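Commentary on secondary and tertiary structure
The lines below spell out each chain.
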Amino acid sequence: MDDFEKIIRDTYNDICNGKNIGNVADYIPELSCVDPDQLGVHIHTIEGNSYGYGDYQTKFSVQSIAKVLSLSLAYQIEGDAIWKRVGVEPSGNPYNSLVQLEDDEGIPRNPLINAGAIVVCDILVSRLEDPKADFLDFIQDCCGARNIGYNNKVADSEKSVGYRNVALCNYIKSFGNIENEPDEVLDFYFTMCSLEMTCEELTSVFMFLVSSKYRSQQNNKILNETKANRINAIMQVCGFYDESGEFSFKVGLPGKSGVGGGIIAVHPEKYTIAVWSPRLNKKGNSYRGMKFLEQFTSATDSSIF
Ligand code: GLU
């Protein structure tokens, strides 16, 4: 047993016995059907150890966490040309905001807000033969698992109310930064967000963002070191909506949250860790997920700062 195993178990028990406040995301009707009191945690270390507690093997809607994976695939294909279409600055605005696009002439501030993720989807629609299937293949190649898929009910549910994302896509297109038809781009965007994974699968998939030493041992050629570092840098400054500074301050790891209540965090030299608890705080991040990770990195002294 290493330190991580005891600390993750103790932290899980503490968080389980503590307060659980906030609401599940219900602006996507299908997400409101989820039992809000589930809690899963899982860690995957560079030594190959892996520990999970609670609902860590239950699939959930990863939502915006998928944006890191679509960005990684687009970066792998497109290289640095991608940064002509999307920036790398924190937006300081809500994830679905339209306002900055006018000043920025249709170049979204970063790829992890909706506007930026929609541009990334446009790139993938242009470059991939079958974007939905090819994106799944990419994820499955990252972890070797074959049973990762989309939830069509969630995708349709979001599509039925996704007016703001439709507006974002059309608005960006008016500036010439969307090549394809908005319907096609949005169909891929909503499907990508409906991706379902367990905490255990997430920690395994995201191992391509830990140390190059580990990646070369595993023959993991998803992204080279510079590119992996840059994805981590973007998560560090843009991964938690309007609470990215708070997450950086309290947890000290690159990470990404989603409105399904999941959070993935990456220690670039040591481990990946995933937490899932569907009740969200006012900024849209998992209430218990934030607390768990703050407590975990403090107890293991593993903030990267
Ligand atoms: N599909 C969601 C949306 O576009 C993703 C939101 C999120 O997880 O941040 O609103």
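Relevant structure appears above.
Residues numbered from 1 in each chain as written. Predicted model: local features only at pLDDT ≥ 70, side-chain atom pairs only at ≥ 80, totals over all residues. Heavy atoms only, no water.

Examining the site of the ligand
The environment of the ligand is formed by Tyr27, Gln63, Ser64, Tyr95, Asn114, Glu158, Asn165, Tyr189, Cys193, Tyr241, Gly258 and Val259. Between an oxygen atom of the ligand and a side-chain N or O atom of Ser64, the distance comes to 2.5 Å. The contact in question runs from an oxygen atom of the ligand to an N or O atom on the side chain of Tyr189, over 2.6 Å. Protein contact buries 99% of the 290 Å² of open area that the ligand shows by itself. Looking at the shell around the ligand residue by residue, the class counts come to 6 nonpolar, 5 polar and 1 charged. (Near = heavy atom within 4 Å. Polar contact = N/O pair within 3.5 Å; in protein donor to acceptor, adjacent residues only side chain to side chain. Areas by Shrake-Rupley, 256 points an atom, 1.4 Å probe, with all protein chains shown as cover. Nonpolar A, V, L, I, M, F, W, Y, C, P; charged D, E, K, R; others polar.)

Here's the deal with unusual backbone geometry
Positive phi, close to 50°, is recorded for Glu105, a residue that is not glycine. The residue Glu105 is located in the loop between helix H3 (99-103) and helix H4 (114-127) in this model. For Glu105, a relative accessible area of 56% translates into the label exposed. Positive phi, normally seen in glycine, also occurs at Tyr241, with a value near 55°. (Helix = DSSP H or I, 4+ residues; strand = E, 2+ residues; numbered from the N terminus. Buried < 20%, exposed > 50% of the residue type's maximum accessible area, 1.4 Å probe, protein only.)

With respect to the sheet that holds strand E4 (residues 149-150)
Pairing is antiparallel across the open sheet formed by 3 strands, whose spatial order is E3-E5-E4. If you trace the sheet from one side to the other, it starts and ends with strand E3 (60-61) and E4, each paired once. (Pairing = 2+ DSSP bridges.)

A look at the packing of aromatic side chains
In total, this model carries 14 aromatic pairs according to the counting rule given. Centre to centre, the rings of Tyr95 and Tyr241 are 5.1 Å apart; their planes meet at 50°, and the pair counts as tilted. Here Tyr95 is found in the loop between helix H2 (66-78) and H3, whereas its partner Tyr241 is found in the loop between helix H11 (225-238) and helix H12 (244-250), with 146 residues between them in sequence. Residues Tyr95 and Tyr241 agree in their burial class; the two are buried. One cation-aromatic arrangement involves Lys227 over Tyr75; the distance from NZ or CZ to the ring centre is 5.4 Å. The aromatic ring of Tyr241 is capped on one face by Lys256, whose charged end is 4.5 Å from the ring centroid. (Phe/Tyr/Trp six-rings, centres within 6.5 Å; stacked < 30°, edge-to-face > 60°. Lys NZ or Arg CZ within 6 Å of the ring centre and 35° of its normal.)

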